[in-house]
2 protein chains.
Amino acid sequence: MTYADWMPVTVLLVDDEPLVRAGLRAVLEAQPDIEVVGEAADGAAVIPLVRQLRPDVVAMDVRMPLLDGIEATRAVLRTVQDPPKILVVTTFENDEYVYEALRAGADGFLLKRARPAEIVNAVRLVADGESLLFPAAVRQLAGEYGRRPGNEEARAALDRAALTEREADVLRLMTRGLSNAEIATELIVGAETVKSHVSSVLAKLGARDRTQAVIAAYESGFVAPG
Amino acid sequence: MTYADWMPVTVLLVDDEPLVRAGLRAVLEAQPDIEVVGEAADGAAVIPLVRQLRPDVVAMDVRMPLLDGIEATRAVLRTVQDPPKILVVTTFENDEYVYEALRAGADGFLLKRARPAEIVNAVRLVADGESLLFPAAVRQLAGEYGRRPGNEEARAALDRAALTEREADVLRLMTRGLSNAEIATELIVGAETVKSHVSSVLAKLGARDRTQAVIAAYESGFVAPG
DNA sequence: GTCCGTCTCCCCCTCATGGGGGAGCCGTGC
DNA sequence: GCACGGCTCCCCCATGAGGGGGAGACGGAC
């Protein structure tokens, strides 16, 4: 629990794309309890800004021209007393940079393709000290290992939440609209086996049914439209 | 001069980068006379989307993973009656792809680095039937490739295939993972009504179940991740 | 060796889903 | 006036989907 209850969450945006910053600002500023206090176009500018503005949360892009999000995260955590929470913003779910950023001490990551409500939620959660990892699946597990630095434990949780190869196969076919029976035929296994895998997928993704699983697959970037 | 004076220019965004789409949307939506009616993440999704949404202008990226802007342009002009104007979006001014796209029948191209005012202007111009080409050299070239056949009788059939407003509401909620009962609550109608709409949606989308419908919604750009 | 996770398959059970009909109401257009 | 389409709601009905238990085989880790 923090002072987020009575004071707005202050956020610093760090991204080299002006469009992304504008988008994030628009989304966040729409919330009464969130205030964007500054922007930076590169990781290199983060340290002085953090010192000056003392934001609760830094929304930081991983890929930036001068100083990337990982180095910037390390720099902030190493040099700033009482550092802000760091929310790593990325395009791809399976970005190696994300893992590195988490090892560097980031509190969570957020996909750029996340919906506004999810972005807002993410900021609130990290501000409250929750480790946040985007896919709903991982978010549940996020409760198990708490606080920062969410490095190794986060990674372990990610692995636990990760789909097995077979489960990924099944999910992939689910995203192509196949029924359980069709998936069974495709994978040359029994229908009961598919049901079993589907149940595992649903559990790991925190999905209630296959439709929600497919949505999660799209939203998380497991599959992309097109 | 067109009906742009009294009806907003409708635009479909096609780009594999959600951020670019978001940026373009932000820029264009800021104009009262321009309306972004849809988004797609790849050229492969353009055709059904154009048929459904019938935008005045398609802002199309050239470089996309599955079906690039050139092929997508050809496909649209070849298969869609009364096709929209096609505005090719590119990063580099001297992109060979641009020339190919123009030969394929695109109405103009637009640099991603263009300022908001230029982007808006470009959309208005192509909507008004102007060929828009940055370098003067290319302008001559595109003049040779004139307009395309305009057939209006197929419009009715296409409109019939389009989702009604209520059906679109239902599909939108389906893409959020809601069950029929939840959709009913959300829309404040009976569960039977929702079932009825869902059936219509499935029929129109050629989907066997709601999962396939959601997939179609993503693939067609009816909804986009992020 | 044992433990554990993955993959495979099986049982029973509930119920949301989707198809097949139909009906009334209301607005627009002819 | 009438027809038509959209929205609303109702019936019955078959079945796919998903939960909750298993279990055996295999392989790697300890």
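Each value, and the rule that gives it
- Residues numbered from 1 in each chain as written.
- Chains lettered and ligands numbered in written order.
- Predicted model: local features only at pLDDT ≥ 70, side-chain atom pairs only at ≥ 80, totals over all residues.
- Heavy atoms only, no water.
- Near = heavy atom within 4 Å.
- Polar contact = N/O pair within 3.5 Å; in protein donor to acceptor, adjacent residues only side chain to side chain.
- Helix = DSSP H or I, 4+ residues; strand = E, 2+ residues; numbered from the N terminus.
- Nonpolar A, V, L, I, M, F, W, Y, C, P; charged D, E, K, R; others polar.
- Salt bridge = Lys/Arg side-chain N within 4 Å of Asp/Glu carboxyl O.

Per an unreviewed UniProt entry, chain A is named Response regulator transcription factor, and its organism is Streptomyces rectiviolaceus.

> Explain the protein's contact with DNA strand D to me, please; I cannot follow it from the model alone.
Taken together, 18 residues lie around DNA strand D, and K195(A), R210(A), T164(B), G190(B) and T193(B) are the ones closest in. Take the atoms of DNA strand D that sit within 4 Å of the protein: sugar and phosphate atoms are 67% of them. Contact distances for DNA strand D include 3.5 Å between a phosphate oxygen and a backbone N or O atom of N180(A). Within the contact set of DNA strand D, a phosphate oxygen lies 2.9 Å away from a side-chain nitrogen or oxygen of R166(B). Taken together, the elements giving at least two residues each to the surface near DNA strand D come down to α10 (191-205) of chain A together with α8 (165-174) and α10 (191-205) of chain B. Split by residue class, the surface near DNA strand D holds three nonpolar, eight polar and seven charged.

> Mind showing me how you'd approach the protein's contact with DNA strand C here?
Surveying the vicinity of DNA strand C reveals 17 residues, the closest of which are T164(A), G190(A), T193(A), K195(B) and R210(B). If you look at DNA strand C and keep only atoms within 4 Å of the protein, 67% of those are sugar or phosphate atoms. Between a phosphate oxygen of DNA strand C and a side-chain N or O atom of T193(A), the distance comes to 2.6 Å. Within the backbone of N180(B), one N or O atom sits 3.4 Å away from a phosphate oxygen of DNA strand C. Put simply, the parts of the chain that give the surface near DNA strand C at least two residues each are α8 (165-174) and α10 of chain A together with α10 of chain B. Here the residues of the surface near DNA strand C are counted per class, giving three nonpolar, eight polar and six charged.

> What is the right way to look at the pattern of salt bridges in this model?
Side chains that carry opposite charge are capable of pairing whenever their charged atoms lie near each other. Enumeration over the complete set of coordinates arrives at 11 salt bridges over all chains. E182(A) serves as the salt-bridge partner of R208(B), at 2.6 Å between the closest nitrogen and oxygen. Here R208(B), found in the loop between α10 and α11 (210-220), pairs with E182(A), found in helix α9 (residues 180-187), and the two come from separate chains. Each of R166(A), D169(A) and R172(A) takes part in a single network of salt bridges with overlapping partners.

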